[in-house]
Amino acid sequence: DAKTTQPNSMESNEEEPVHLPCNHSTISGTDYIHWYRQLPSQGPEYVIHGLTSNVNNRMASLAIAEDRKSSTLILHRATLRDAAVYYCILRDVSVSGSNYKLTFGKGTLLTVNP
Amino acid sequence: NAGVMQNPRHLVRRRGQEARLRCSPMKGHSHVYWYRQLPEEGLKFMVYLQKENIIDESGMPKERFSAEFPKEGPSILRIQQVVRGDSAAYFCASSPSGSSYEQYFGPGTRLTVT
């Protein structure tokens, strides 16, 4: 499985934008980039996913580098509720891949200061 | 629309007892996944089931662990003769299909073995 590298922790202030980086230099052409987050004492929650183009949804934006070897999750205005561990995950969607299996790393612990 | 439900939320067992963890997927979802989160570690895939079928149990320990998803009723993760090392948070997720981009997670069952 292609691996991802994320900083262990990041800090932000409330109402400010947050850019969470993820490196995935060994990504394959059939790997989708997914982001999940896990709030304290809760199960993971899907945030966003993309393949090549930048993506936006109501929760966040995903910026994908042109060579796809890195990506950035962008929270436009952090709130206290965004404090969580954020996981960057690659999912192979090729026919032969185990594309249902999410492989979680250690993620980035985001602290939001009031 | 109720989300994924897991019960119990907390379970305490003595060494050697059995633990039964239940997961009711979201309405309309027939694909269930179990993940385990050991203390200070990331979530690890355990097993993927569809109604009445185990599709992939590559992440399950070879002994004492079993899972089922019957035609009627919730999915069950069963741990026989629990040991202290089984203490962890067990999360269930569901999706409408195996290739769905998003898995919806439950709140987890925290198992403590004394």
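Everything quoted here is computed from the prediction, not taken from an experiment.

How should the side chain of Ser 87 of chain B be read in this particular structure?
Take Ser 87 of chain B: it is sitting in the loop between β8 (75-79) and β9 (88-95). Once residues within four sequence positions are removed from consideration, Ser 87 of chain B is found in contact with Leu 38, Pro 39, Leu 111, Thr 112 and Val 113 of chain B.

Sorry if this is basic, but what is going on with the interface of chain A and chain B here?
It is common to report an interface's size as the accessible area lost on association of the parts. Each partner contributes residues to the interface: chain A has 19 residues there, and chain B has 23 residues. Across the chain A to chain B interface the summed buried area is about 1700 Å²; carbon plus sulfur atoms make up 51%. Area buried by chain A at its contact with chain B is led by Pro 44, Tyr 100 and Phe 104 of chain A, which between them contribute 32% of it. On inspection of chain A and its partner chain B, the count reaches one salt bridge. Across the salt bridge formed by Lys 101 of chain A and Asp 56 of chain B, the nearest N and O atoms sit 3.5 Å from each other. The tally of links from chain A across to chain B stands at six residue pairs in polar contact (both at pLDDT 80 or more). When residues of the side of chain A that touches chain B are traced back to their parent elements, those giving at least two are β3 (31-38), β4 (44-50) and β8 (84-92) of chain A. The element that contributes the greatest number of residues to the side of chain A that touches chain B is β3 of chain A, accounting for four residues.

What is the right way to look at the environment of Ile 76 of chain B in this model?
Residues and elements named next belong to chain B. Topologically, Ile 76 is positioned in strand β8. For the pair Ile 76 and Gln 6, spaced 70 residues apart in sequence, the C-alpha to C-alpha distance is 9.9 Å. If sequence neighbours within four positions are ignored, Ile 76 has contacts with Arg 20, Leu 21, Arg 22, Trp 34, Ser 66, Ala 67 and Glu 68.

Looking at this structure, I do not really get the environment of Asp 67 of chain A. What am I missing?
Residues and elements named next belong to chain A. Among the secondary structure elements, Asp 67 is positioned in the loop between β6 (61-64) and β7 (70-75). Measuring from C-alpha to C-alpha, the distance between Asp 67 and Asn 23 comes to 11 Å, with 44 residues separating the pair along the chain. From its side chain, Asp 67 meets the backbone nitrogen of Lys 69 in a polar contact 3.0 Å long.

Quick question: what am I supposed to make of the side chain of Gln 6 of chain A here?
Residues and elements named next belong to chain A. By the secondary structure assignment, Gln 6 is in the segment before β1 (9-13). Note on Gln 6: relative accessible area 14%, which makes it buried. Polar contacts involving the side chain of Gln 6 include one to the main-chain carbonyl oxygen of Tyr 86, which spans 2.9 Å. At 2.9 Å, the side chain of Gln 6 and the backbone nitrogen of Cys 88 are in polar contact. Dropping the residues within four chain positions of it, Gln 6 is found in contact with Pro 21, Cys 22, Trp 35, Tyr 86, Tyr 87, Cys 88, Gly 107 and Thr 108.

Here is what the cut-offs are and how they apply
- Residues numbered from 1 in each chain as written.
- Chains lettered and ligands numbered in written order.
- Predicted model: local features only at pLDDT ≥ 70, side-chain atom pairs only at ≥ 80, totals over all residues.
- Heavy atoms only, no water.
- Helix = DSSP H or I, 4+ residues; strand = E, 2+ residues; numbered from the N terminus.
- Contact = heavy atoms within 4.5 Å.
- Buried area = accessible area lost by both parts, 1.4 Å probe.
- Salt bridge = Lys/Arg side-chain N within 4 Å of Asp/Glu carboxyl O.
- Polar contact = N/O pair within 3.5 Å; in protein donor to acceptor, adjacent residues only side chain to side chain.
- Buried < 20%, exposed > 50% of the residue type's maximum accessible area, 1.4 Å probe, protein only.

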